[in-house]
Amino acid sequence: MKKLLQNTLLFGLIALAACQPPADTTPPTVTLSLSNATPKVGAELALRAEATDNVGIKQVEFFAGETSLSLDSEAPYQTTAQVNANVTTYKAVATDIAGNTSESVSTITIAKDTTPPEVSLSISPSVLIAGTPATLTAVATDNTAVTQVEFFANAISLGTDTTQPFEQALTAAQIIAGETLFRAVATDTGNNTTAANLTVTIAPAPAPTQNLNYTVRLKDIEVLAKSTDEDPNEGLQLDGVLSTQLQDVGSAILASHEFINISQVAAPLSLRSPFVAREEIFEGGANSPTNKILITMNLFERDGVGITSQRNSFGQQEINVNAQALKQAVVSNPFVSETIIETSEGDKIKVVFEIFKSL
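Reading the values: the criteria
Within any chain, residue numbers begin from 1 and follow the written order of that chain's sequence. Totals for whole chains, interfaces and linings use every residue, but because this is a predicted model, local features are given only for residues with pLDDT of at least 70 and side-chain atom pairs only at 80 or more, for both listing and counting. Heavy atoms throughout the structure, all of them, feed into the side-chain values; hydrogens and water do not. Ring geometry is summarised as follows: Phe, Tyr and Trp rings, the Trp one being its six-membered ring, pair when their centres sit within 6.5 Å, and such pairs are stacked at plane angles under 30 degrees, edge-to-face over 60 and tilted between the two. Only when the NZ of Lys or the CZ of Arg is both within 6 Å of the ring centre and within 35 degrees of the ring normal is a charge said to sit over the ring. As used in this record, nonpolar core signifies buried Ala, Val, Leu, Ile, Met, Phe, Trp, Tyr and Cys residues forming a set joined through side-chain atoms within 4.5 Å. Here's how the labels work: a residue is buried when its accessible area is under 20% of the maximum for its type, exposed when over 50%, partly exposed in between, all with a 1.4 Å probe on protein chains only. Strands are runs of DSSP state E lasting at least two residues, helices are runs of H or I lasting at least four, and both sets are numbered from the N terminus onward. We call two residues in contact when some of their heavy atoms are within 4.5 Å. Distance and chemistry together define a polar contact, namely a pair of N or O atoms within 3.5 Å, with one atom able to donate a hydrogen and the other to accept it when in protein, and with adjacent residues in sequence counting only for side-chain atoms on both sides. At least two bridges found by DSSP between two strands is the condition for calling them paired. Between N-to-C directions, angles cover 0 to 180 degrees, with each direction set by a line fitted to C-alpha atoms, over the stretch in contact for helices. Salt bridge, as used here, is a side-chain nitrogen of Lys or Arg placed within 4 Å of a carboxyl oxygen of Asp or Glu.

A. Main features of the packing of aromatic side chains. Scanning all chains against the criterion turns up zero aromatic pairs. The ring centre of Phe-63 lies 5.0 Å from the NZ or CZ of Lys-91, which sits over that ring.

B. Structural context of the nonpolar core. By size, the foremost hydrophobic cluster in this structure holds 22 residues, and its most contacted members are Leu-121, Ile-123, Ala-138, Val-149, Phe-151 and Phe-182. At the level of elements, strand E8 (118-124), strand E9 (134-141), strand E10 (146-153), strand E12 (166-170), strand E13 (178-188) and strand E14 (193-202) are the ones that each hand at least two residues to this core. Excluding anything up to four places from it in sequence, Phe-182 contacts Leu-121, Ile-123, Leu-136, Phe-152, Ala-153, Leu-158, Leu-170, Ala-196, Asn-197, Leu-198 and Val-200. Counting residues in each nonpolar core, the second largest holds 19 residues, with Ile-293, Met-297, Ile-349 and Phe-356 among its members.

C. View of the side chain of Ser-70. Among the secondary structure elements, Ser-70 is positioned in strand E4 (residues 67-72). Engagement of the side chain of Ser-70 in a polar contact is seen with the side chain of Thr-79, the distance being 3.1 Å. Dropping the residues within four chain positions of it, Ser-70 is found in contact with Val-60, Glu-61, Phe-62 and Thr-79.

D. Summary view of the sheet that holds strand E2 (residues 44-52). Read across the sheet, three strands follow the order E1-E2-E5 without closing on themselves; strand pairing throughout is antiparallel. The open sheet has two edge strands, strand E1 (29-34) and strand E5 (77-82), and neither has a second partner. Within this sheet the neighbouring strands show an average axis-to-axis angle of 20 degrees, counted without direction.

E. Looking closely at the pattern of salt bridges. Inspection of the entire model under this criterion finds two salt bridges. Linking Arg-48 and Glu-50 is a salt bridge whose minimum nitrogen-to-oxygen distance equals 3.5 Å. Across the salt bridge formed by Glu-66 and Lys-91, the nearest N and O atoms sit 3.8 Å from each other. Residue Glu-66 is found in the loop between strand E3 (57-64) and E4, and its partner Lys-91 is found in strand E6 (residues 89-96); the two are separated by 25 residues along the sequence.

F. Focus on the environment of Phe-335. Assignment of secondary structure puts Phe-335 in strand E22 (residues 335-342). You can call Phe-335 partly exposed: its relative accessible area is 26%. Separated by 20 residues in the primary sequence, Phe-335 and Ile-355 have C-alpha atoms spaced 5.1 Å apart. Beyond its immediate chain neighbours, meaning those up to four positions away, Phe-335 contacts Val-321, Ala-325, Leu-326, Ala-329, Phe-353, Glu-354 and Ile-355.

G. Focus on the sheet that holds E14. Taken together, four strands build an open sheet; the order of strands is E11-E10-E13-E14 and the sheet is antiparallel. Taken across any chain shown, the strands that pair with only one partner, and hence form the sheet edges, are strand E11 (156-161) and E14. Adjacent strand axes in the sheet meet at a mean angle of 20 degrees, parallel and antiparallel pairs treated alike. Bridge analysis of E10 against E11 gives five bridges, and the strand direction is antiparallel. Residue pairing across strands places Val-149 opposite Asp-161, the latter belonging to E11.

H. Main features of the environment of Val-185. Looking at the secondary structure, you find Val-185 in strand E13. On the accessibility criterion, Val-185 (19% relative accessible area) is buried. Considering only alpha carbons, one finds Val-185 and Phe-152, 33 residues apart in sequence, at a separation of 8.3 Å. Excluding residues within four positions of it along the chain, Val-185 makes contact with Gln-148, Val-149, Glu-150, Phe-152, Thr-193, Thr-194 and Ala-195.

I. Structural context of unusual backbone geometry. Pro-76 follows Ala-75 through a cis peptide bond whose omega is 0 degrees. With respect to the secondary-structure elements, Pro-76 resides in the loop between E4 and E5. Cis geometry marks the peptide bond from Ser-124 to Pro-125, where omega comes out at 0 degrees. With respect to the secondary-structure elements, Pro-125 resides in the loop between E8 and E9.

Encoded structure:
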């Protein structure tokens, strides 16, 4: 009985095995086609595979040389690649559901690219002054692709840029007064080159502005004559205001000062003690020949000491001194301004100013 059961089980397994389909050992078929058999370096190449199988296609993998490009599991099986000068063989490997594989290989002949790129060069700012930073910018195009732009100044390489926008920063030390020939050399994927030149005249850096202090000193007031109704041996009591301004060429006021009110006894030199000078200082006046110093005088004869009423007016007087006249004026060699003014009654005085500059 036991042997009968064993025989029955054995015949059953044989019968079951006979009912199973045979294993799939049939590989798929695949054909690779390329969009261009003679592309140029840098061009885009389209790869397309036609794949069939007795059961079904699982995937198609594409290769450039031995480097995998992509996997595609659905028809149409396709991908793209950028043509590289070092790769001329492309492959499609089809895999079916059972794991069987087939491959198709296609080769290309790389066409030599003889078309050079186009390039133009500009600089910003367009007007250059020595010692100020700038930027070179190149606009480069090509029938395939531009791989780099190298920048030069008077045949000395400044640097290379491989990505758009193609630019080269220039430091202040690289911007030197005089004529400079800048150049941009563009190179494409076929190793063709084109150069663009730009000649720029760089202005010298301006001399640093020298800020000065101007001193305006009321040096002396001397009586030259008195009206006939006054004692010639007495001093002349003056009152009024002296104001000074530093102005630019357009008469805009850069700085302004007023002397304290004058209350001064002026007399002939033989009859008075030394005059007490008064002065005002303009700090930081620009050393420009277009600047000027304007002194305005409003003086009156006062009718007696302690009496505020004003009697005889000398009128408003102005003194203009161009800063160019002060070029050599220093405290030891000041610019001297002497102005004689008089009243309608015959009073006459000489007003002396000294103007000088110091750093």
